[in-house]
Amino acid sequence: MKNKFLLAFLLSMVVAIPANAQQSLDAMIDREIAQLVSTYKMLHAAPELSHHEEKTSAFLASQLRALGYTVTERVGKYDRPEWSGYGVVAVMKNGNGPTVLVRTDLDALPVEEKTGLPYASTVKTRNDTGQDVNVMHACGHDIHITNMIGTAKMLAQLKDQWRGTLVLIGQPAEETIDGAKAMLADGLYSRIPRPDYAIALHDNSDLEAGKVAYCPGYALASSTSVEITIRGLGGHGSKPEATRDPIVVAAQTILALQTIVSRENSPLDPAVVTVGSIHGGTKSNIIPDEVKLQLTVRAYKEEVRQHILASIERIARNISAAAGIPEDHAPIIKISDTEVTPATYNDPKLTERLAGAFEQTLGANNVVKWPPIMGSEDFGRFGLDHQIPICMFWLGAVDPAKVEASRKSGKPLPSLHSSLFEPLPEPTLRTGVKAMTTAVLELMRK
Ligand SMILES: [Zn+2]
Ligand SMILES: [Zn+2]
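From a predicted model like this one, the values you see are computed outputs, not experimental measurements.

Reading guide: rules and limits
- Residues numbered from 1 in each chain as written.
- Chains lettered and ligands numbered in written order.
- Predicted model: local features only at pLDDT ≥ 70, side-chain atom pairs only at ≥ 80, totals over all residues.
- Heavy atoms only, no water.
- Donors = N, O, S within 2.8 Å, 3.2 Å for Na, K, Ca; no water.
- Helix = DSSP H or I, 4+ residues; strand = E, 2+ residues; numbered from the N terminus.
- Buried < 20%, exposed > 50% of the residue type's maximum accessible area, 1.4 Å probe, protein only.
- Disulfide = S-S within 2.5 Å.
- Axes fitted to C-alpha atoms, helices over the stretch in contact; angles between N-to-C directions.
- Parallel < 35°, antiparallel > 145°, perpendicular 65-115°, else oblique.
- Left-handed = near helix turned anticlockwise from the far one by under 90°.
- Contact = heavy atoms within 4.5 Å.
- Nonpolar A, V, L, I, M, F, W, Y, C, P; charged D, E, K, R; others polar.
- Expected span 1.5 Å × (residues − 1).
- Arc of directions from axis to C-beta.
- Pairing = 2+ DSSP bridges.
- Tetrahedral: all angles 85-135°; square planar, octahedral: opposite > 155°, others 65-115°.
- Phe/Tyr/Trp six-rings, centres within 6.5 Å; stacked < 30°, edge-to-face > 60°.
- Core = buried A, V, L, I, M, F, W, Y, C linked by side-chain atoms within 4.5 Å.
- Salt bridge = Lys/Arg side-chain N within 4 Å of Asp/Glu carboxyl O.

Asker: When you look at the coordination of the zinc ion (ligand 2) in this model, what are you seeing that I'm missing?
Answerer: Octahedral metals with six donors have ideal donor angles of 90 or 180 degrees. Tetrahedral metals with four donors have an ideal donor angle of 109.5 degrees. The coordination sphere of the zinc ion (ligand 2) contains the protein donors Cys139 (SG), His141 (NE2) and His202 (NE2), at a distance range of 2.1 to 2.4 Å. Mapping the donors of the zinc ion (ligand 2) onto the primary sequence gives the spacing C-x1-H-x60-H. In this structure the zinc ion (ligand 1) is found 3.1 Å away from the zinc ion (ligand 2), and Cys139 serves as a bridging donor for the pair. Placement of Cys139 in the loop between strand 5 (132–134) and helix 3 (141–157) and of His202 in strand 7 (residues 197–208) is noted, with a sequence separation of 63 residues between them. Here Cys139 matches His202 in class, with each residue buried.

Here's what the structure looks like:
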C-alpha cells in the first residue's frame, strides 16, 4: 500500500515536470521578450542584401558568443570570388548526444518598405549590378535571426535539460538560394560534426501570430532558373521573307512550353514553368537577331524536374528548326548552376515528432497542418539529398485580427516579399522562441 502510494507520488512528479519546465520556459521568455522585440526592430531597420550581410552576421555572431557559444564567422564560399561568405556557425557542446543544427537566414530584399511602421527600413544601397535599390526585410529573416538569439539564450540557460552538440547556423544569401551551398562548399560539415537533424522555421504571412504550422514530406518545391536565347536572322521589318524572326519563334516557344506541365506531366506531380522575362528587339521596324527568355521551373520530384528541363530543350530547339532557323543558330539553353535549389523534403517522422512536441507546449489549437507550396528555399541543402532528416516549420507572423478580416473579406494579406509585409513582433517571437526551444529539447533531451 505504502509502495503504491510512493509510486503514484513519483508518477505525479514525472507528469509534473514538463508542465513546470513549460512554465519556466514561459517565464524565461517573459524576461527576454522586451529585449528581443527591440533587437528585432533594430535588425528590421538595418537590412542587408544577399551576399552583403556583413553587419547582420557580425551582430548575430557577437550575440551568440556572449551566450557562451563557440562562434566561427565568415563561413561560405561562392562561385564569384568578389563575394564574401558571411555565414555564422555557433557551437555549444554539452556532453554526448545527438548533433542538432538550427538554421536562420540573414539576408533582406531589394524592396522599398511601405508599411509606415516607426521602425520601417529606409536603407538604400547599390546592388551587384550597379542599380540603386531600397532594402527591406520583406521575408522576415529578421524575425528568424531574433528568434535564433532568443532560442540560443533559452538553451544556454537550460543546459541541464539537454545533451549533445547544438549547432546554430546564420546562413547568408537565402533569397538568391546560394548561401547554404556556399557554406557547405566551405567545408561546413567538416568543421562541425555532421548533424543528426537539421531544423529551421520560416515566418508565414497567412498564419496568425501565436501559431505554428507543419508539413510532412515535400513542403517547398525545387527551383531552377533557365535562360533561353532564341537566335534568328534579323533584318528589315518590311522584309520578313529575308529573315528568320526570333520574336515569332519566342512567342510560339512560350506557348508551347506551357504544354509541358499541362500535357506531358502527370497531374499528380505538381510542377510550374513560368517565363518571367522576355527581351528582344529595339524598334518597330527591325527584326532583331535574338530574343532572350528567363524561366523558373518548380517541381517536387527530381525526375519531374529533369523531365521538364529536357522538354524545354526539345521544344525550344524544334520550334526554331520548324521556323527554318539553321542548326548553327539553334537556341542556346542555359540551365543555371547557381540559381538552383532542391525541394525541401520534411522528414515525415521528424516532422510529426516535432508537431507532437509543439502541441504539448503551444496547445493543439495553435499547431496546424499546412499544405505544400511551390515556393523554394535552400534550407533543404543541409539535408544532403535526404541523408539527414530535416524539418522546416512555419511560424505564424500576422496580427490575428488581420487574418480574421482577410478571411471574411476574401482580400489577401500582404505576402512575403511584399513592401507591406508586417509581422507582429511580440507574439511571433514569443511563439517562435518557444517552438524552436521545444524542438531542440525534444531532440536532445537528457
Ligand atoms: Zn524570401
Ligand atoms: Zn525567406
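Now, onward.
Asker: Would you mind going over the state of the cysteines with me for this structure?
Answerer: Put plainly, a disulfide is one covalent bond tying together the sulfur atoms of two cysteines. One pass over the structure, following the stated rule, counts zero disulfides. Cys215 forms no disulfide, and the closest cysteine sulfur to it belongs to Cys391, at a distance of 9.2 Å.

Asker: Could you clarify how one ought to interpret the packing of helix 8 (residues 348–362) against helix 10 (residues 425–444) in this entry?
Answerer: A pair of packed helices can be characterised by two numbers: the angle between their axes and the separation between those axes. Where helix 8 meets helix 10, the closest approach of the two axes is 9 Å, and the angle between their N-to-C directions is 125°. As judged from the angle between their axes, helix 8 and helix 10 are oblique. Regarding helix 8 and helix 10, the two cross each other, and that crossing is right-handed. In this structure, helix 8 uses Leu350, Arg353, Leu354, Ala357, Phe358, Thr361 and Leu362 to contact helix 10, whose residues at the interface are Thr431, Lys434, Ala435, Thr438, Ala439, Glu442 and Leu443. Its residues assigned to classes, the contact of helix 8 with helix 10 shows eight nonpolar, three polar and three charged.

Asker: What am I meant to see in helix 2 (residues 54–66) here?
Answerer: The α-helix advances 3.6 residues per turn, and as a result positions three or four apart in sequence lie on the same side. Compared with an ideal rise of 1.5 Å per residue, which puts 13 residues at 18 Å, helix 2 spans 18 Å between its outermost C-alpha atoms and is within 8% of the ideal. Within the sequence span of helix 2, burial applies to Thr56, Ser57, Leu60, Ala61 and Leu64. Around the axis of helix 2, the buried residues are gathered within 130° of arc, so they sit on the same side. Facing away from the buried surface of helix 2 by more than 90 degrees, the exposed residues are Lys55 and Ala66.

Asker: Sorry if this is basic, but what is going on with the sheet that holds strand 17 (residues 367–369) here?
Answerer: Strands pair in a sheet through their backbones, by hydrogen bonds, and they do so in one of two ways: parallel or antiparallel. The eight strands lie next to each other as 1-2-6-3-7-18-8-17, forming an open sheet whose pairing is mixed. Of all the strands in the sheet, just strand 1 (70–75) and strand 17 have a single pairing partner and so form its edges. On average, each strand axis in the sheet is inclined to that of its neighbour by 25°, with strand direction left out of account. Sheet topology note: the strand 3 (residues 99–105)/strand 6 (residues 164–171) ladder contains seven bridges and is parallel. What sits directly across from Val102, in strand 6, is Leu168. Strand contacts of helix 2: strand 1, strand 2 (87–94), strand 3 and strand 6, with the helix running at about 170° to strand 1, the strand carrying the most contacts.

Asker: Just checking my understanding: could you explain the coordination of the zinc ion (ligand 1) for this structure?
Answerer: For the zinc ion (ligand 1), the protein coordination sphere consists of Cys139 (SG), Glu175 (OE), Glu175 (OE) and His417 (NE2), at 2.0 to 2.5 Å. Seen from the zinc ion (ligand 1), its four donor atoms lie at angles of 55 to 148°, and the figure they make is irregular. If you list the donors of the zinc ion (ligand 1) from N- to C-terminus, the spacing comes out as C-x35-E-x241-H. A relative accessible area of 6% places Cys139 in the buried class.

Asker: Honestly, the sheet that holds strand 10 (residues 222–231) in this entry has me stumped. Any pointers?
Answerer: Pairing is antiparallel across the open sheet formed by four strands, whose spatial order is 12-14-10-15. Edge positions in the sheet fall to strand 12 (271–280) and strand 15 (332–341), since each has one partner strand and no second. Taking the axes of each pair of neighbouring strands and ignoring which way they run, one obtains an average angle of 20° across the sheet. In the sheet, strand 10 pairs with strand 14 (residues 290–299) via ten bridges, with the strands oriented antiparallel. Across the sheet, residue Ile230 finds its bridge partner in strand 14, namely Val291.

Asker: Please clarify how the packing of helix 2 against helix 3 should be interpreted in this entry.
Answerer: Packing of helix 2 against helix 3 brings their axes to within 10 Å, and their N-to-C directions diverge by 10°. Taken together, the axes of helix 2 and helix 3 are roughly parallel relative to one another. Note on element contacts: helix 3 touches helix 2 through Ile145, Met148, Ile149 and Ala152, opposite Thr56, Phe59, Leu60, Gln63 and Leu64. Each residue belonging to the contact of helix 2 with helix 3 can be placed in one class, and the counts come to seven nonpolar, two polar and no charged.

Asker: Explanation requested: the packing of aromatic side chains in the structure shown.
Answerer: In this description, an aromatic ring pair is defined by two values, namely the gap between the centres and the angle between the planes. Using the criterion set out here, one finds six aromatic pairs in the structure. An aromatic cluster is present here, built from Tyr218, Tyr300 and Tyr345 joined pairwise through their rings.

Asker: Teacher, can you tell me more about the nonpolar core here?
Answerer: In globular proteins that are soluble, nonpolar side chains generally tend to be buried together. Counting 54 residues, the largest nonpolar core has Leu64, Tyr69, Val102, Leu166, Leu168, Ile199 and Phe358 as the members making the most contacts within it. By residue number, the principal contributor to this core is helix 10, which donates nine residues. For Leu166, the residues in contact, after removing those within four places along its chain, are Tyr69, Ala90, Val91, Met92, Val100, Val102, Leu155, Val440 and Met444. Counting 25 residues, the second largest nonpolar core, distinct from the first, contains Ala180, Met183, Phe382 and Ile388.

Asker: Even after reading the chapter, I still don't get the pairing of strand 6, so can you show me in this structure?
Answerer: Looking down a regular strand, the side chains alternate between one sheet face and the other. Counting buried positions along strand 6 gives eight out of eight residues, so the element sits mostly inside the fold. Judged from the seven bridges that link them, strand 2 and strand 6 form a sheet pairing that is antiparallel. Residue pairing for strand 6: Val88 is matched across the bridge by Gly170.

Asker: When you look at the pattern of salt bridges in this model, what are you seeing that I'm missing?
Answerer: In a structure, side chains of opposite charge can pair up when their charged atoms sit close to one another. As enumerated under the stated definition, the model contains 22 salt bridges in all. Across the pair Lys301 and Asp269 runs a salt bridge, and its minimum N-O distance is 2.8 Å. With Lys301 in the loop between strand 14 and helix 7 (302–322) and Asp269 in the loop between helix 6 (246–264) and strand 12, this residue pair connects regions lying 32 residues apart in the sequence. Relative accessible area serves as the criterion here: at 32%, Lys301 is assigned to the partly exposed category. The salt bridge involving Lys402 is made with Glu422; its shortest N-O contact spans 3.6 Å. Placement of Lys402 in helix 9 (residues 400–409) and of Glu422 in the loop between helix 9 and helix 10 is noted, with a sequence separation of 20 residues between them.

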